[in-house]
Amino acid sequence: MIVQVLAGKTVYAAAELGIPDLLAGGPRSSAELAERIGAHGPSLHRLLLALAGMGVLAPVGPDRFELAELGQPLRTDAPDSIRGLMRMMCGPEVWRSWGELVAGVRTGEPPWELAHGMGWTEYYAAHPDAAETFNLAMAEHTRDVAPEAIAAADLGRFRTVVDLGGGDGTLVAHVLRAHPEVEGVVFDVPTGLAATADTLAAAGVSARARVVSGDFFDAVPSGCDAYLLKQVLHDWDDKEAGLILRNIRAVIPPAGRVFLLERALPETVTPGSLSEAAALLLDLHMLVATGGRERTEEEFRRLLHTAGFATTRITTLPRFDFRVIEATPA
């Protein structure tokens, strides 16, 4: 277990220093990499050896390294890049928050606020560079889960689809490319929308998409048929999540639909189950990083019911242990 923790921080260091990007063109020596990075050569050499031992890099000769297959997704330009996810999850902001887990458990205060003196949304609004990394991480995860989630939701039956907390527009871009007759709306706070126009333009769907800035705790766009919330409610406790849903309920048409794209906790815990342990650890991460929580399917049903919705279908995406939860105005 200790080795796994150390491995995560080691891979983070590689991503943060940009080592996989520098090795994308071929092998380099530790001295060459140190010069390009501006690093202490002997210390970098030890990091490279550890990365080689983990299979992220491969040694080529006595002091040259190339990027192994396992390390390819750490490149910025890789089609399956997870560099943003690694930089966010193992970066200083999140790890400082995990350092306050004990204090948070004792007091009930969100560890992120104990670590940073403000909530996570306020922090990212005040720190654009950290917000950029966060937005990239969310886009990388959305890119992977979007095709299966869109197929499960059958979004082609709707005229206008809005993604609340839609960030850089990755999910809406996938929806519009899959369904040429659908129009989309990306809704988020200004810091979340910094790269949205570029994402939509790169996907060739700008003509069918609108970008709307706002706060879903105040109001959400009206005139839409389907409201998507991908891993939004897990950022918040029941009171705040309920407010978001009630704001949707106030404007959704009678035939409209809400789609929650979330992980689901097990109803009961099976000791030794790796998948269940992963879900429960991610729940603990939400406690640390946002003050939010993961929920069971029944808890999602109750949350929707309290806000005026009836759950009509829950589809499991086994590859990502995700649920697509569809609800209609009650």
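Quick note: structure is the one above.
Residues numbered from 1 in each chain as written. Predicted model: local features only at pLDDT ≥ 70, side-chain atom pairs only at ≥ 80, totals over all residues. Heavy atoms only, no water.

Peer 1: Would you take a moment to explain the overall build of the protein for this structure?
Peer 2: In terms of regular secondary structure, the protein is built from 15 helices and 10 strands. The C-alpha atoms of the protein give 21 Å as radius of gyration, which agrees with the globular expectation for 330 residues (20 Å, within 12%). For the protein, the C-alpha atoms occupy an extent of roughly 70 × 50 × 40 Å along the three principal directions. Looking at the protein as a whole, 49% of its 330 residues are labelled buried. In the structure as shown, the protein presents an accessible area of about 15600 Å², 57% of it carried by carbon and sulfur atoms. (Helix = DSSP H or I, 4+ residues; strand = E, 2+ residues; numbered from the N terminus. Rg over C-alpha atoms; globule rule 2.2 N^0.38 Å. Buried < 20%, exposed > 50% of the residue type's maximum accessible area, 1.4 Å probe, protein only. Areas by Shrake-Rupley, 256 points an atom, 1.4 Å probe, with all protein chains shown as cover.)

Peer 1: Where do I start with the packing of helix α3 (residues 30-37) against helix α4 (residues 41-54) in this structure?
Peer 2: In a packed pair of helices, the relevant descriptors are the angle between the two axes and the axis-to-axis distance. Orientation of α3 relative to α4, taken along the N-to-C sense of each, is 115°, at an axis distance of 9 Å. Here α3 runs over α4; the crossing is right-handed. For the pair α3 and α4, contact is made by S30, L33, A34 and I37 and by G41, L44, H45 and L48, respectively. (Axes fitted to C-alpha atoms, helices over the stretch in contact; angles between N-to-C directions. Left-handed = near helix turned anticlockwise from the far one by under 90°. Contact = heavy atoms within 4.5 Å.)

Peer 1: Quick question: what am I supposed to make of the packing of aromatic side chains here?
Peer 2: By convention here, two paired aromatic rings are described through the distance between centres and the angle between planes. Enumeration over the complete set of coordinates arrives at 10 aromatic pairs. When the ring of W120 is compared with that of Y124, the centres are 6.5 Å apart and the planes differ by 80°; the resulting orientation is edge-to-face. Here the residue W120 and the residue Y124 both occupy positions in helix α9 (residues 120-126), the gap between them amounting to four residues, near one helical turn. Of the residues examined, W120 reaches a relative accessible area of 11% and is grouped as buried. For Y124, a relative accessible area of 8% corresponds to the buried category. Geometrically, the ring pair formed by W120 and F134 is tilted, given 5.9 Å between the ring centres and 55° between the ring planes. Linking W120 in helix α9 with F134 in helix α10 (residues 128-153), this pair joins segments that are 14 residues apart in sequence. Overall, F134 belongs to the buried group, its relative accessible area being 18%. When the ring centre of W95 is taken as origin, the NZ or CZ atom of K9, which lies over that ring, is 4.6 Å away. (Phe/Tyr/Trp six-rings, centres within 6.5 Å; stacked < 30°, edge-to-face > 60°. Lys NZ or Arg CZ within 6 Å of the ring centre and 35° of its normal.)

Peer 1: How should I be thinking about the packing of α10 against helix α11 (residues 170-178) in this particular structure?
Peer 2: Remark: α10 packs on α11, axes separated minimally by 9 Å, with the N-to-C direction vectors making an angle of 30°. When the axes of α10 and α11 are compared, the crossing they make is right-handed. From α10, A139, T142, R143, A146, P147 and I150 reach across to α11, where they touch T170, L171, H174, V175 and A178. When its residues are assigned to classes, the contact of α10 with α11 shows seven nonpolar, three polar and one charged. (Nonpolar A, V, L, I, M, F, W, Y, C, P; charged D, E, K, R; others polar.)

Peer 1: Mind showing me how you'd approach the sheet that holds strand β8 (residues 257-263) here?
Peer 2: Through backbone hydrogen bonds, the strands of a sheet pair up, either in parallel or in antiparallel fashion. Ordered in space as β6-β5-β4-β7-β8-β10-β9, the seven strands form an open sheet in which the pairing is mixed. Taken across any chain shown, the strands that pair with only one partner, and hence form the sheet edges, are β6 (209-213) and β9 (309-317). On average, each strand axis in the sheet is inclined to that of its neighbour by 20°, with strand direction left out of account. Strand direction decides the pairing type here: β8 and strand β10 (residues 322-329), joined by six bridges, are antiparallel. (Pairing = 2+ DSSP bridges.)

Peer 1: Is there a simple way to think about unusual backbone geometry in this case?
Peer 2: With the exception of glycine, most residues fall at negative phi, and the peptide bonds are largely trans. A positive phi angle, near 55°, is found at D154, a position not held by glycine. Note on D154: relative accessible area 42%, which makes it partly exposed. A positive phi angle is found at Q231, which is not glycine, with a value near 45°. Structurally, Q231 is set in the loop between β7 (226-230) and α13 (238-249). With relative accessibility at 10%, the residue Q231 sits in the buried group.

Scope: geometric values only; no functional claims are made or implied.
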